[in-house]
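Fold and contact review
Listed below are the residues making up each chain.
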Amino acid sequence: MLTREMSGINLQKHSVFVSHIGHTFYLLILLLTSLSTTDAVTLAGSSEYAIPGSDFTLTCDVPDEAIAVIFYRRPDVSTPVGSVKVVGSQCYNPPDLCTPDVCSCVTTSTEGRGTVFRWVIQPQEGDHGSVWFCTSFNLPDQIINSPDYTLSVADGPGAAVALSPPDTSYTRNEGDTLPDITCTADCRPDCTFVWTKPDNTNFTASAVLSLGQLNRSEHGTYRCTAGNVIGTSSITTSVNVQYGPGAAVALSPPDTAYTRNEGDTLPDITCTADCRPDCTFFWTKPDNTNFTASAVLSLGQLDRSEHGTYRCTAGNEFGEYDTTTKVSIQFCDDACPFYRQMFVTSIVLTCVSVIILLINLGIGVFVTRFGHLPFMKRRMNRPNTSPQPFSSIEDSGNAMAGIASGQERSMYTELDTTDFAAQNVYDQARPAHDIVLDGRAERSNYETLGEVSGPNVYEELKERRGSSSK
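Now for a description of the structure that goes with this document. In this text the structure is predicted, and so the values were computed from the model without any measurement.

Cut-offs used in this document
Sequence positions are assigned chain by chain, starting from 1 and proceeding in written order. Local features in a predicted model are, by the rule used here, given only for residues with pLDDT of at least 70; side-chain atom pairs are given and counted only at 80 or more, and totals for whole chains, interfaces and linings are based on all residues. Note that the side-chain values use all heavy atoms of the structure and ignore hydrogens as well as water. Accessibility here uses a 1.4 Å probe with only protein chains present; expressed as a share of the type maximum, an area under 20% marks a residue as buried, one over 50% as exposed, and anything in between as partly exposed. Only DSSP runs of H or I reaching four residues or more are called helices, and only runs of E reaching two or more are called strands; each is numbered from the N terminus. Think of it this way: DSSP has to see at least two bridges between two strands before they count as a pair. In this description, a disulfide is simply a cysteine sulfur pair whose atoms lie within 2.5 Å. Here is the rule: rings of Phe, Tyr and Trp (six-membered ring for Trp) pair when centre to centre is within 6.5 Å. Planes less than 30 degrees apart are stacked, more than 60 are edge-to-face, and the remainder are tilted. Salt bridges are defined by distance alone: a side-chain nitrogen of Lys or Arg within 4 Å of a carboxyl oxygen of Asp or Glu.

Regarding the pairing of strand β8 (residues 114-121)
For β8, the buried fraction is high: seven of the eight residues fall into the buried class. Alignment of strand β2 (residues 56-66) against β8, held across seven bridges, turns out to be antiparallel. When the bridges of β8 are listed, Cys 60 appears paired with Phe 117. Here five bridges tie strand β7 (residues 103-107) to β8, and the two strands are oriented antiparallel to one another. Residue pairing in the sheet places Thr 107 in a bridge with Gly 114 of β8. Joining the antiparallel neighbours β7 and β8 is a turn of six residues, in which Gly 112 adopts a positive phi near 85 degrees.

Here you go:
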């Protein structure tokens, strides 16, 4: 329907008809005109939701062409928000030419007319739900209003994210069933939801967190994130899963047996377990009495009385579990020093034997390769300049024969053989006289011969040699 103001304008423009026909006929014509043309003009927004503070375009579509369009926001229909007028082939926001950030239009071939008129606004959050319409001026005697357009302004989740049930913390035992937790938020447009696991990986792209029967690995804080085009917001809930140590009791170092000598120092042994809430620990001695209410077994320097199996027990309100380690302590009495000395001696002798074996092996390899030892080679290569004794009487006779006749000297012709008659020629030996050979003085050692009765020792020796050969 036309507003009161517009109806007044209409009546003024149609006053000529009032003067000729009756008042009833005029009202009938005016009603038919309004009903037949109102639906032809439409107003729409540039998107389903306007972003607060961002440009948003209102578009008035006039299929039958118009010379101008005025934009209104209800309930104030007396003051236009804006207007667009076609002058020639250009669009104006009287008196200024339209700019893209304010207004625009689509003109037709008919000069001074257009079919699409746009007006740019910057809505805020408070403008959500506001009602707008546009009025087109077709002919000088036609004014047509569009249907109302309701503006939707987007809104993010903000602090409106909530959980159902509203609990932000749950404490359950392992194996219990946790009810589904639903994440909600007031958003325009509707938010999407993502649940994130304690390790910060996405768990499910849904508003519902469904864990079911709980396992210890599901312990931790879960985060629900809601978001849309405006932004995101999140809320967390903590799931505390309680459990006992089970078979998770372990030792550090992990050895379950130690063999040490008496007096040695045993390193500390630490007992560990995965429990929630934390386990308490105590160590039991081999005689089954509690040794220490601690996770650490510290024996230090070992004594023979500490030999045996030690037990670590870990437990909390949900159960307990234990593990053992064996400490074997070796010891001996007064004979130990003797055996230790023998042991050291055997090691030393073994080492010496190995060294000697290696030396002999090296000598054998050298001789095999080079045919002699290094120090023997030098002795073999050294020239022999010392005088050599004669090996036989013939060699001596030959040597004497080679001496020049002027230098010949016999040291035996003057010997008194009677002094050696009762003696063995090999029992006494003395240095011989010097013999001059080739002008050089050399001293030769000849053995003095005993038991020789003949006048010449050489002749008797020859006779004895001949008789021994027969």
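Some details on the state of the cysteines
Taken as a whole, this structure holds seven disulfides when the rule is applied. The disulfide bridge from Cys 91 ends at Cys 105, spanning 1.2 Å between sulfur atoms. In this structure, the disulfide formed by Cys 91 and Cys 105 twists by about -70 degrees around the S-S bond and is classed as left-handed. Taken together, the residues span a long stretch of sequence, with Cys 91 in strand β5 (residues 90-93) and Cys 105 in strand β7 at a distance of 14 residues. A residue is classified by how much of its surface remains accessible, and Cys 91, at 10% relative accessible area, is buried. Overall, Cys 105 belongs to the buried group, its relative accessible area being 14%. Disulfide partner of Cys 275: Cys 279, at an S-S distance of 2.0 Å. Taking the torsion about the sulfur-sulfur bond, which here is approximately -100 degrees, the covalent link between Cys 275 and Cys 279 counts as left-handed. As far as burial versus exposure is concerned, Cys 275 and Cys 279 are alike and both buried.

Looking at the packing of aromatic side chains
For the coordinates displayed, the defined rule picks out four aromatic pairs. Where Phe 203 meets Tyr 222, the ring centres are 6.2 Å apart and the plane angle is 75 degrees; that geometry is what we call edge-to-face. Of this pair, Phe 203 sits in strand β17 (residues 202-204) while Tyr 222 sits in strand β20 (residues 220-227), placing them 19 residues apart in sequence. Overall, the relative accessible area of 2% leaves Tyr 222 in the buried class.

What about the pattern of salt bridges?
In the structure shown here, the tally under the stated rule is six salt bridges. The shortest N-O distance in the salt bridge between Arg 73 and Asp 127 comes to 3.1 Å. Highlighted residues: Arg 73 in strand β3 (residues 68-73) and Asp 127 in the loop between β8 and β9 (131-137), separated in sequence by 54 residues. With a relative accessible area of 31%, Arg 73 lands in the partly exposed category. Residue classification places Asp 127 among the buried positions, given a relative accessible area of 16%. For Asp 148, the salt bridge goes to Arg 74, with nearest N and O atoms at 2.9 Å. With Asp 148 in the loop between β10 (143-145) and β11 (149-150) and Arg 74 in the loop between β3 and β4 (82-87), this residue pair connects regions lying 74 residues apart in the sequence. Taking relative accessible area as the criterion, Asp 148 reaches 44% and is therefore assigned partly exposed. You can call Arg 74 partly exposed: its relative accessible area is 33%. Overlapping salt bridges bring together Glu 174, Arg 216 and Asp 274 as one network.

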